[in-house]
Amino acid sequence: MEQLPEVDVRALEAIPDDARIAIYLTDVEGFRYRDIAEIMGTPIGTVMSRLRRGRRWLHAQVSSYALARGLLLKPTATSGGGPTPSPEPDRTLRSKQVQVGGGSQ
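Okay, so let's go over this structure.

Quick notes on the rules
- Residue positions are given per chain, counted from 1 along the sequence in the order it is written.
- Residue-level local features of this predicted model are given only where pLDDT is at least 70; pairs of side-chain atoms are given and counted only at 80 or more, and the full residue set underlies all totals for whole chains, interfaces and linings.
- As a rule here, side-chain values come from all non-hydrogen atoms in the structure, and water together with hydrogens is ignored.
- Strands here mean DSSP runs of E at least two residues long; helices mean DSSP runs of H or I at least four residues long; both are numbered from the N terminus.
- Throughout this description, buried means an accessible area under 20% of the type-specific maximum (1.4 Å probe, protein chains only), exposed means over 50%, and partly exposed covers the range between.
- Whether two residues are in contact is decided by their heavy atoms: any pair within 4.5 Å suffices.
- To measure how exposed things are, a 1.4 Å probe is used in the Shrake-Rupley method; for residues, cover is taken only from the protein chains shown.
- Nonpolar cores are built from buried Ala, Val, Leu, Ile, Met, Phe, Trp, Tyr and Cys residues. Side-chain atoms within 4.5 Å join them into one set.
- Here a polar contact is taken to be a pair of N or O atoms separated by no more than 3.5 Å, where protein atoms must pair a possible hydrogen donor with a possible acceptor and residues adjacent in sequence count only if both atoms sit in side chains.
- Expected span, for any helix, means 1.5 Å times one less than how many residues it has.
- Between the N-to-C directions of two axes lies an angle of 0 to 180 degrees, each axis being a line fitted to C-alpha atoms and, for a helix, fitted only over the stretch in contact.
- For this classification, under 35 degrees means roughly parallel, over 145 means roughly antiparallel, 65 to 115 means roughly perpendicular, and everything else is oblique.
- Handedness of a crossing is defined here by the sense of rotation of the near helix relative to the far one, left-handed for an anticlockwise turn of less than a right angle and right-handed for a clockwise turn.

Each helix and strand counted, the protein has four helices and zero strands in total. Each helix and strand of the protein, placed in order from N terminus to C terminus, yields the pattern α-α-α-α. Out of the 105 residues belonging to the protein, those deemed buried represent 21%. For the protein, the proportion of contacts with a sequence separation of at least 24, taken over those separated by at least 6, is 49%. For the protein, the accessible area works out to roughly 8100 Å², and carbon and sulfur atoms hold 54% of it.

Put into structure tokens, the structure is as follows:
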């Protein structure tokens, strides 16, 4: 991590440990989900959940940094920029969401 820019390191350090480890093992070390599940002692679904949550958190952190420094334009209603994910995990129960336009989440 010493080769990463300071903003990346700070953003990674802000992610909860379980998500940060999963991101590191898959995106930096190149491990498969099955291998990460074995290393972390969790089911593959838990690894996938941690990756999604951690990547959303990281995206929000880096986007905030870029917006604050004028490196990224603030999305407008017509630019297709959806809501910025909250860095805090959402612990509320929600019904299954359906996305219009054929894309997957």
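Okay, the side chain of T26 next. In this structure, T26 sits in helix α2 (residues 17-28). Overall, T26 belongs to the buried group, its relative accessible area being 14%. In this structure, T26 is in contact with F31, Y33, I36, L51 and R55, ignoring residues within four places of it in sequence.

What follows is about the nonpolar core. L12, I15, A19, A22, I23, L25, I36, A37, V47, L51 and W57 together form the largest nonpolar core, which totals eleven residues. Where this core is concerned, the elements lending two or more residues are α2, α3 (33-40) and α4 (44-68). Considering every element that reaches this core, the biggest residue donor is α2, with four residues. Setting aside residues up to four positions removed in sequence, A37 forms contacts with T42, P43, I44 and V47.

Another point: the side chain of S63. For S63, the position within the fold is in helix α4. Of the residues examined, S63 reaches a relative accessible area of 13% and is grouped as buried. A polar contact of 2.8 Å, which involves the side chain of S63, links it to the backbone oxygen of H59.

Residues separated by three or four positions in an α-helix point in the same direction, a consequence of the helix having 3.6 residues per turn. Between its terminal C-alpha atoms α4 stretches 36 Å, which fits the 36 Å expected from 25 residues at 1.5 Å a residue. Looking only at α4, the buried set comprises V47, R50, L51, G54, W57, A60, S63 and A66. In the stretch just after α4, G70 is the one whose phi turns positive, near 75°.

To continue, consider the packing of α2 against α3. Interaxial distance between α2 and α3 falls to 10 Å at its minimum, and their mutual angle equals 135°. Overall, the two elements α2 and α3 adopt an arrangement that is oblique. Once α2 is placed against α3, the crossing between them reads as right-handed. Between α2 and α3, the contacting residues are D18, I21, A22, L25 and T26 on the first element and Y33, I36, I39 and M40 on the second.

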